Amino acid sequence: MKRRTGIFMLALLAIGICLAPQAPAATAAKTEKAAKTTKESDDSKFHLKPGARQKVCLTCHPTFEEVMKKPFVHTPLKNPGCIACHSPHASNFPKQLSAAPGSICVTCHPGILPKNARSTHKAALDGKCVQCHDQHASDYKYNLRKAGNELCFDCHKEKGETIKNAKFKHVPVEKGCVTCHSPHASPNATALLKSEAPELCKGCHDTNKPFFIKQHANMPVANSQCTQCHNVHGSNKAGLIYDNVHKPFASKMCNQCHEGTTSPKPLALKKNGFELCRGCHSNVVNDMFAKNRLHWPVVGKEACLNCHNPHASAQKGLLKTPPVKLCGTCYADTIERQEKSTTKHPPIKDGMCTACHEPHASDNVFLTVQASTVELCGSCHDYMKHSTHPIGEKIIDKRNKNLIVQCLSCHRSHGTEFKKMVPFGTVSELCTQCHIQYQR
Amino acid sequence: MRGINLSRCMLVMIVLLLPLHAFGAEEIRFKHESSLYADEKGVGLNQPEGVACSNDRLAVADTGNGRLVLFTLQGGEFKGGTEIRLSQVLYPIRIVRNSSGDLFVLDGKQRKVARLSADGSFKQYVELSGLPVEGMVIPAGISLDGNGLLYLLDIQGSRVLVFTDDGKYQRQIVLPKDYGFIADLAVNSKGTVFLLDSVHAMVYSTAKDPAVFLPVTERLKDDMTFPSNIIVDDKGLMYISDQNNGNIVVVNQDGTIRRLFSTGWKEGALRYPTQLCINSNGDLFVADRANSRIQKFIPLK
């Protein structure tokens, strides 16, 4: 009986050993071997030449031999070879790719853009991976086309210039843009940041340190938006403060506007809206209120702060953003029209909305700087004053007895889909609006 | 036999389609009838921004000339054109009429509301009193409800203020969160307040809760460009001046949208229209600002 039980136990052990999972290395080796066998059998099945998946391609594309000597070769190019991405015979896509250029990368890299990302890199979103990565091989890690920040500055030229020319540098920026930014997408923050300020900044800057507190005039700024005052990419002012600084801020006279450190609410403002700014800028505010028409943002919502940064700014006049972008937050349609216009109007193209419009208030409709359109346009287009189609106060528009013929009788100042900012497709269509006797 | 089947099919189709027609967007169509260019002395209008109407009267805020012009309507035709130039009203931008014919004029320069009698004589400024928090009120729009209450869009305080017609504070409604810029307000006969957001090209109202603004339309940026003025008729239709596209857009409560006219210089076409008014006959008056005229449109029955 004992002998029978012993044989039974041995048999169980043997079955157990057979069914037990094998060591990973052994499994991998087995899988590789199996794949190789399959590949070889496929090669023979399709009568493929040896090296048909890669080396044969090089006979016609010899330049890739050099490319493949680079230190970082795209893994699928090594194995299985060119056919990982290219269809050897025919394809519906350019370069005989086996999928559309914008989507082929995600077949192997599906998690590059997380769902519900708070910000995404446009190049990645558009599937233009090759803008940053060389799809074959590169001298740089991750198959990047250039090393470090130089790659980013190819597109973000202006930012690159700011960083290069800044007198005071920010160490993390010198280390690389990816210190603070995620290159593909950020699930947590805007502008591809790894997290939002001030949390991101606090990773390096201890807000409890006496030096930090002293530098911020003892104001409780630990949870404030650092980038309101600091140009994190570099600045010509110490402390990375933006180049244009509001005087009270420069002299650390916080209590000119805020309740100050003696108050239980030190950051609270002493007055609301434009009333606060009026304390120093009474001339500007009084002039504004003497006009027929106010630019509503100067009194609505956050009033002056709708357009101006109260502490410091990279823009002149402490504007929050460059003028076209700033004006475009409300007048997006107008800016878009200009962008689509066949003929560009230089003041708008150059972001000089204030060349024609008063930003605060005016006596004129559309807040124009001059009442007369002819005079306004004439301040740049001098020729209008001597040889041109008759225009001005004495020339009545034939379409409407209450209107005079002026520049906007034939042009739209923010552009049209037609040349010379004319609202009609042909010259004859334009002219026969008034000269109806020539209509056919 | 085949003919009978066809008739039956047609009948069924008609029966099925009838409710669709009944509950769908009402077909709103207007025809241009006349345009107003000048006062009784022939002085031309200059960029008029305001218009108030009844079945027999029309008041124009002739903004560019800093005056009002009063007309009567007889048999559908404009008569008169009396100039009202007041030292108390320098730059009229909006004008509304109450049931007794008094005019409430918003002066854009002084940021005050002046009350005038039906013949245009100045009665008084509407002195605002009893506000919960004292401070400057900067009105950008005015409207009256069926009970004669005065509604002011206070952009400085981000709120709509409700007063009696002599300025006694009644209540306030805070503007909705995340608005772009509220350019105008309208009140219907039930006292529901409507707000027009120019930046987002959308309308809010207090239809569900009189104390809170909620969106009644989505962002209509494909249909309107920087709309500037709104009125609401008794059927609940919203008439909106699509300022930068030079048109009037009618939005039904169900979100159906219809463009009424075209942009241009010719009569019937509009450029940068501003205030609108619709009388009980259904006639629509438009302050056609950039064309310096008032246009009258009559409904097509």
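Q: A description of the overall build of chain A should follow, citing residues and the corresponding values.
A: Scanning chain A from terminus to terminus reveals 19 helices and 10 strands. Classification of the 440 residues of chain A by burial places 17% in the buried group. Of the contacts made within chain A by residues no fewer than 6 positions apart, 50% connect residues no fewer than 24 positions apart.

Q: Tell me about the overall build of chain B, and name the residues and values.
A: The secondary structure content of chain B amounts to 1 helix and 26 strands. A compact globule built from 301 residues should have a C-alpha radius of gyration of about 19 Å, and chain B, at 21 Å, falls within 12% of that. Taken along the three principal axes of its C-alpha coordinates, chain B extends 80 × 45 × 35 Å. When the 301 residues of chain B are sorted by exposure, 45% land in the buried category.

Q: Tell me about the nonpolar core, and name the residues and values.
A: Nonpolar side chains tend to gather and get buried jointly when the protein is soluble and globular. If you look at the biggest cluster of nonpolar residues, it comprises 88 residues, and the most contacted ones within it are Val-51, Val-105 and Val-203 of chain B. Setting aside anything within four residues of it in sequence, one finds Val-105 of chain B in contact with Ala-61, Leu-68, Val-89, Pro-92, Ile-95, Val-113, Ala-114 and Leu-116 of chain B. If you look at the next biggest cluster of nonpolar residues, it comprises 8 residues, including Cys-307, Cys-330, Tyr-331 and Ile-348 of chain A.

Q: Explain the interface of chain A and chain B residue by residue, including any values.
A: Each partner contributes residues to the interface: chain A has 15 residues there, and chain B has 23 residues. Grouping the amino acids of the side of chain A that touches chain B by side-chain chemistry returns 5 nonpolar, 5 polar and 5 charged.

Q: Help me get a handle on the sheet that holds strand E9 (residues 122–125) of chain B, residues and values and all.
A: In any sheet, the strands associate via hydrogen bonds between backbone groups, in a parallel or an antiparallel arrangement. All names here are of chain B. Judged by pairing direction, the sheet is antiparallel, and its 4 strands sit side by side in the order E6-E7-E8-E9 without closing on themselves. Sheet topology places strand E6 (92–97) and E9 at the edges, where each strand pairs with a single neighbour. Put simply, the sheet's adjacent strands are angled 25° from each other on average, direction ignored. Where strand E7 (residues 103–107) and strand E8 (residues 112–116) come together, 5 bridges link them in antiparallel fashion. Its bridge partner being in E8, Phe-104 is matched across the sheet by Arg-115.

Q: For unusual backbone geometry, give the residues involved together with the corresponding values.
A: In terms of backbone geometry, most residues other than glycine have negative phi values and most peptide bonds are trans. Residues and elements named next belong to chain A. That bond from Asn-79 to Pro-80 is cis: its omega, 15°, falls within 30 degrees of zero. With respect to the helices and strands, the residue Pro-80 is situated in the loop between helix H5 (75–78) and strand E2 (119–120). For the bond running from Ala-197 to Pro-198, omega is 5°, close enough to zero to count as cis. Within the element layout of this structure, Pro-198 appears in the loop between strand E4 (185–186) and helix H10 (199–202). Unlike most non-glycine residues, Lys-95 shows phi in positive territory, near 55°. With respect to the secondary-structure elements, Lys-95 resides in the loop between H5 and E2. For Lys-95, a count of 11 C-beta atoms within 10 Å puts it in the exposed group. Its identity is not glycine, yet Asn-218 carries a phi of approximately 65°, on the positive side. Relative to the helices and strands, Asn-218 resides in the loop between helix H11 (210–215) and strand E5 (244–245).

Q: Please provide a residue-by-residue account of the sheet that holds strand E13 (residues 169–174) of chain B, values included.
A: Residues and elements named next belong to chain B. Strand order in the open sheet formed by 4 strands is E10-E11-E12-E13, with antiparallel pairing between adjacent strands. Edge positions in the open sheet fall to strand E10 (139–144) and E13, since each of these has one partner strand only. The mean angle between the axes of side-by-side strands here comes to 20°, regardless of whether they run parallel or antiparallel.

Q: Break down the confidence of the model for chain B for me, citing the residues and quoting the values.
A: For chain B, per-residue confidence averages 91 on the pLDDT scale, and 91% of positions sit at 70 or higher. Below a pLDDT of 50 lies the segment residues 14–25 of chain B, which in the model reaches 3 contacts outside its immediate sequence neighbourhood of four places, other chains included.

Q: I'd love a proper account of the environment of Leu-152 of chain B, names of residues and values included.
A: Residues and elements named next belong to chain B. Following the sequence through the fold, Leu-152 ends up in strand E11 (residues 150–154). Considering only alpha carbons, one finds Leu-152 and Ala-183, 31 residues apart in sequence, at a separation of 12 Å. Not counting residues within four places of it along the chain, the set of residues in contact with Leu-152 comprises Val-137, Pro-139, Ile-142, Val-160, Leu-161 and Phe-163.

Each value, and the rule that gives it
Residue numbers run consecutively from 1 along every chain, following the written order of its sequence. Lettering of chains starts at A and numbering of ligands starts at 1, both following the order in which they are written. Totals for whole chains, interfaces and linings use every residue, but because this is a predicted model, local features are given only for residues with pLDDT of at least 70 and side-chain atom pairs only at 80 or more, for both listing and counting. Runs of H or I in DSSP of at least four residues are treated as helices and runs of E of at least two as strands, each being numbered from the N terminus. Burial in this document is a count-based property: other C-beta atoms within 10 Å of a residue's C-beta are tallied, and the residue is buried at 20 or more, exposed at 12 or fewer, or partly exposed in between, with C-beta positions derived from the backbone. Residues are scored as being in contact if the C-beta atoms we place from backbone atoms lie within 7 Å. Note on method: radius of gyration uses C-alpha positions; expected globular size equals 2.2 Å times residues raised to 0.38. The nonpolar core is taken to be a set of buried Ala, Val, Leu, Ile, Met, Phe, Trp, Tyr and Cys residues joined by way of C-beta atoms within 7 Å. Gly is placed with the polar residues, together with every amino acid not listed as nonpolar (Ala, Val, Leu, Ile, Met, Phe, Trp, Tyr, Cys and Pro) or charged (Asp, Glu, Lys and Arg). Here, any two strands with at least 2 DSSP bridges between them count as paired. Only the stretch in contact is used when a helix axis is fitted, and all axes are lines through C-alpha atoms; the angle between N-to-C directions ranges over 0 to 180 degrees. Per-residue confidence from the prediction method is given by pLDDT, with values spanning 0 to 100.

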